Amino acid sequence: MKKREFIKFGGLAAGALIAGCTASPAGEDKMKRSANKRGSSVLKLSFRPYELQLKHVFTVASSSRTTTPVVLTEIEYEGVIGYGEASMPPYLGESHKSVTEFLSKVNLEQFSDPFLIEDILDYVENIMPGNYAAKAAVDIALHDLTGKLVGQPWFRLWGLNPVKTPFTSFTIGIDTPDVVTEKTKEADVYSILKVKLGRDNDREMIETVRSVTGKPVYVDVNQGWKDKEKALEMIQWLSERNVIFVEQPMPKEQKDDIAWLTERSPVPILADEALQTLPELLGMRGLYTGINVKLMKCGGMNAAYKMMTMARQMGMKILIGCMTETSCAISAAAQLSPLADWADLDGNLLISNDLYEGATIVDGKVTLPDRPGIGITVRSS
Ligand code: MG
């Protein structure tokens, strides 16, 4: 493991790792660790920026990119470390700078009981509005830590059945027929594909996928369609081609058009860009059939759990989604996946420099490791 340069908040050697993880800490960390074996009885947060390298150029309706900035976090308590992550795709408006600035303001040393999760997260929420990826990085590390302290994975603490995890889709970005054909073939082990639409080659994209496979497809338009009549015509065409749902077909501001579309659509219409946090959920009723919940949008596992249980009460469908993330944030989301109808948890599979191992995909299904917390270990190289 390369020497890790975490920014220290709380005095303990940041970047130190708990016993049982596969990585070995840097020498100086080890010295401090042995001098203070049990660690401190207050919570200590540390963090460092990291850049995810994408295996392929990733194109959606509004942009293309080859990297995604993330910030990795650790919360240490009595020698146990919980891991977290903020991922910042461009459209959310967060960055290395904004996340590190936010995390610099977070003083967890005032807390000596990590199980006061509601109090701790209320404090973090009230530091500044917005900054949900940064908040998720604290939330995930806190959940990982508390799960480890009680020796249980979070799916079990929530009483969720790990057998009920959904199958996950594998995302195919907007591209030329040759590349789409190649990516569809590469996705052979997945039983569902998520196809990005919203530029001028929608029918070509779907026809190309269909020339390779007949497996179910989720469609994500990323607000790319502007005309409701054309959108409905397209959705009807898609529904005859084994498309299961259509996500964010039109700009979130076009609420009347979206309500009109949802009422007539033969397949569920899901909110993604239109829905970020729990308080906005009530406003989704009547506009959309379902929601796409992502930890980076809503602020983490605590908020996502509440949002998903409330959406169920409202009779809405649920997709658990992700950004481009390491196995840290993906495994955190996977803990919640038994609550979802569908999953789109492939963000870690799209990158070439994942630092962790955690939830895996077995025969296309999200598979939860029986390890405490969010269930990850640090990769050894
Ligand atoms: Mg989406």
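Above this text sits the structure in question.
Heads up: these notes are all about the structure in this document.

What counts and what doesn't
Residues numbered from 1 in each chain as written. Predicted model: local features only at pLDDT ≥ 70, side-chain atom pairs only at ≥ 80, totals over all residues. Heavy atoms only, no water. Axes fitted to C-alpha atoms, helices over the stretch in contact; angles between N-to-C directions. Helix = DSSP H or I, 4+ residues; strand = E, 2+ residues; numbered from the N terminus. Parallel < 35°, antiparallel > 145°, perpendicular 65-115°, else oblique. Left-handed = near helix turned anticlockwise from the far one by under 90°. Contact = heavy atoms within 4.5 Å. Nonpolar A, V, L, I, M, F, W, Y, C, P; charged D, E, K, R; others polar. Phe/Tyr/Trp six-rings, centres within 6.5 Å; stacked < 30°, edge-to-face > 60°. Buried < 20%, exposed > 50% of the residue type's maximum accessible area, 1.4 Å probe, protein only.

**Some details on the packing of helix α6 (residues 177-186) against helix α7 (residues 202-212)**
Phase 1 of the analysis: Between α6 and α7, whose axes approach to 9 Å, the crossing angle comes to 40°. By the angle between their directions, the pair α6 and α7 is classed as oblique. In this structure, α6 crosses over α7, and the sense of that crossing is right-handed. Residues Pro177, Val180, Thr181, Thr184 and Lys185 of α6 touch α7, and the partners they reach there are Glu204, Met205, Thr208, Val209 and Val212.
Phase 2 of the analysis: Classifying every residue of the contact of α6 with α7 by side-chain character gives five nonpolar, three polar and two charged.

**A closer look at unusual backbone geometry**
Phase 1 of the analysis: Phi at Glu78 takes a positive value of approximately 50°, unusual for a residue other than glycine.
Phase 2 of the analysis: Checked against the element boundaries, Glu78 lands in the loop between β2 (64-77) and β3 (80-87).
Phase 3 of the analysis: The backbone of Asn222 shows a phi angle near 50°, a positive value even though the residue is not glycine.
Phase 4 of the analysis: When you line up the elements, Asn222 lands in the loop between β6 (217-220) and α8 (228-239).

**Some thoughts on the packing of aromatic side chains**
Phase 1 of the analysis: Evaluation of the coordinates by the stated rule reveals eight aromatic pairs.
Phase 2 of the analysis: Here the aromatic rings of Phe170 and Tyr190 are separated by 4.9 Å at their centres, their planes lie at 20°, and the arrangement is stacked. A residue pair is termed long-range when its members are at least 10 positions apart, and Phe170 in strand β4 (residues 169-172) and Tyr190 in the loop between α6 and β5 (192-196) qualify at 20 residues. You'll find Phe170 and Tyr190 in the same group, each marked buried.
Phase 3 of the analysis: One aromatic cluster in this structure is built from Trp154, Trp158 and Tyr305.

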